[in-house]
Amino acid sequence: MRRPLIAGNWKLNLGPGAAAALAVFLRDALAGRDDADVVVFPTALSIPAVAAVLDGSGLGVGVQEIAAVASGAMTGANSAVMAREAGCTWMLAGHSERRQYFAETDAGVGAKAKAGLAAGLYPIVCIGETLEERRAGRVDEVTQRQLAAALAPLSPAELALVTIAYEPVWAIGTGETATPEQAQEVHAALRGWLHAHYPAIADTVRVLYGGSVKPSNAASLLGQPDIDGALVGGASLMVGDFVGIIDGAR
Ligand code: PGA
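To start, this report covers the structure provided alongside it. (Residues numbered from 1 in each chain as written. Predicted model: local features only at pLDDT ≥ 70, side-chain atom pairs only at ≥ 80, totals over all residues. Heavy atoms only, no water.)

1. Here's the deal with helix 5 (residues 106-118)
Relative to the 18 Å expected for 13 residues at 1.5 Å per residue, helix 5 spans 19 Å between its end C-alpha atoms, a close match to the ideal helical length. Every buried residue belonging to helix 5 is among D106, G108, V109, G110, K112, A113, A115, G116 and L117, and all of these are buried. Along its buried surface, helix 5 packs onto helix 3 (80-85), strand 4 (90-93), helix 4 (96-101), strand 5 (122-127), helix 7 (139-151) and helix 8 (156-159). Phi for G120, located one or two positions after helix 5, is positive at around 95 degrees. (Helix = DSSP H or I, 4+ residues; strand = E, 2+ residues; numbered from the N terminus. Expected span 1.5 Å × (residues − 1). Buried < 20%, exposed > 50% of the residue type's maximum accessible area, 1.4 Å probe, protein only. Contact = heavy atoms within 4.5 Å.)

Below, the structure is given as structure tokens:
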């Protein structure tokens with residue numbers, strides 16, 4: 001049985017003050033509950049403030065983006081080692097917005113996941129097709145190509161620590177959600193691909209769904225056999241909605 005993981009991607013929202021305030025509400029709303037792993041991804045500048053609030057709460061903090069190197073001449077970048085020191089235990093790699101606006105490559109995602117693991121972060125590797133790719137019947141080809149590249153550099157021990165997030169690009173921030181059946185179909189194909197290529201982790205790795213998840217659709221998505229949690233954007237900025245989604249994982 002895979003334990004549900006609900007992740008909140010706050011994207012470029014909430015500076016340190018507002019992020020800490022949201023973290024307080026979330027911590028208090030979830031106090032005493034243990035029905036899912038919960039982690040939030042503030043913007044890098046807000047990580048220390050959120051980590052201070054969530055310290056000892058059981059809720060995790062993650063970094064949205066890291067460089068593949070620990071330090072050096074890389075103006076503007078953040079590293080996994082520094083994110084770990086600032087209180088993170090999780091990281092995202094390969095979010096579609098990074099692929100779209102920051103020229104993230106399939107190979108880069110693997111290198112970043114590897115660097116994060118070396119620093120003690122659990123990577124959530126994000127994959128997903130565009131609407132054009134879906135219409136062309138290329139969903140499996142694209143998602144499996146992205147996943148293969150991300151996992152290729154990892155050792156067997158590292159593979160066991162990875163989480164995958166399937167996020168169809170056409171469903172992110174659009175209000176357009178994949179139906180539970182559409183999502184399950186892709187998750188099952190990904191699980192099959194894992195069985196063929198990485199049998200040791202195929203039954204234990206968590207595959208999250210992301211893309212316009214909200215309280216009203218969470219239970220039906222999370223009820224699918226191969227959907228093990230959610231990566232939530234917009235709805236994670238509101239405590240009531242985010243807790244409602246966590247309720248859907250029960
Ligand atoms: P959304 O974003 O829930 O706002 O669609 C999901 C994501 O980008 O991780």
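2. A look at the site of the ligand
Taken together, 13 residues sit near the ligand, with K11, H95, E167, G173 and S212 positioned nearest. H95 places a polar side-chain atom, nitrogen or oxygen, 2.6 Å from an oxygen atom of the ligand. Within the side chain of E167, an N or O atom sits 2.7 Å from an oxygen atom of the ligand. Each residue belonging to the shell around the ligand can be placed in one class, and the counts come to four nonpolar, seven polar and two charged. (Near = heavy atom within 4 Å. Polar contact = N/O pair within 3.5 Å; in protein donor to acceptor, adjacent residues only side chain to side chain. Nonpolar A, V, L, I, M, F, W, Y, C, P; charged D, E, K, R; others polar.)

3. Considerations on the side chain of N217
Residue placement: N217 occurs in helix 10 (residues 215-222). Dropping the residues within four chain positions of it, N217 is found in contact with T177 and S212.

4. Overview of the environment of A68
Mapped onto the elements, A68 comes out in the loop between strand 3 (60-63) and helix 3. Expressed as a C-alpha distance, the spacing of A68 and T179, which sit 111 residues apart in the sequence, is 35 Å. Dropping the residues within four chain positions of it, A68 is found in contact with A111, K112 and A115.

5. Re unusual backbone geometry
Residue K11 is not a glycine yet carries a positive backbone phi of 50 degrees. Its place among the elements puts K11 in the loop between strand 1 (5-9) and helix 1 (16-29). Of note, A103 is a non-glycine position whose phi angle comes to about 55 degrees, a positive value. Inspection of the secondary structure puts A103 in the loop between helix 4 and helix 5. When its relative accessible area of 60% is taken as the criterion, A103 is described as exposed.

6. Quick look at the packing of helix 10 against helix 11 (residues 239-248)
Each pair of packed helices can be summarised by the angle the axes make with each other and by the distance between the axes. Remark: helix 10 packs on helix 11, axes separated minimally by 8 Å, with the N-to-C direction vectors making an angle of 25 degrees. Judged by the angle between their axes, helix 10 and helix 11 are roughly parallel. Considering the relative orientation of helix 10 and helix 11, their crossing is right-handed. Between helix 10 and helix 11, the residues in contact are P215, A218, A219 and L222 and D241, G244, I245 and G248, respectively. Residues that form the contact of helix 10 with helix 11 fall into these classes: five nonpolar, two polar and one charged. (Axes fitted to C-alpha atoms, helices over the stretch in contact; angles between N-to-C directions. Parallel < 35°, antiparallel > 145°, perpendicular 65-115°, else oblique. Left-handed = near helix turned anticlockwise from the far one by under 90°.)

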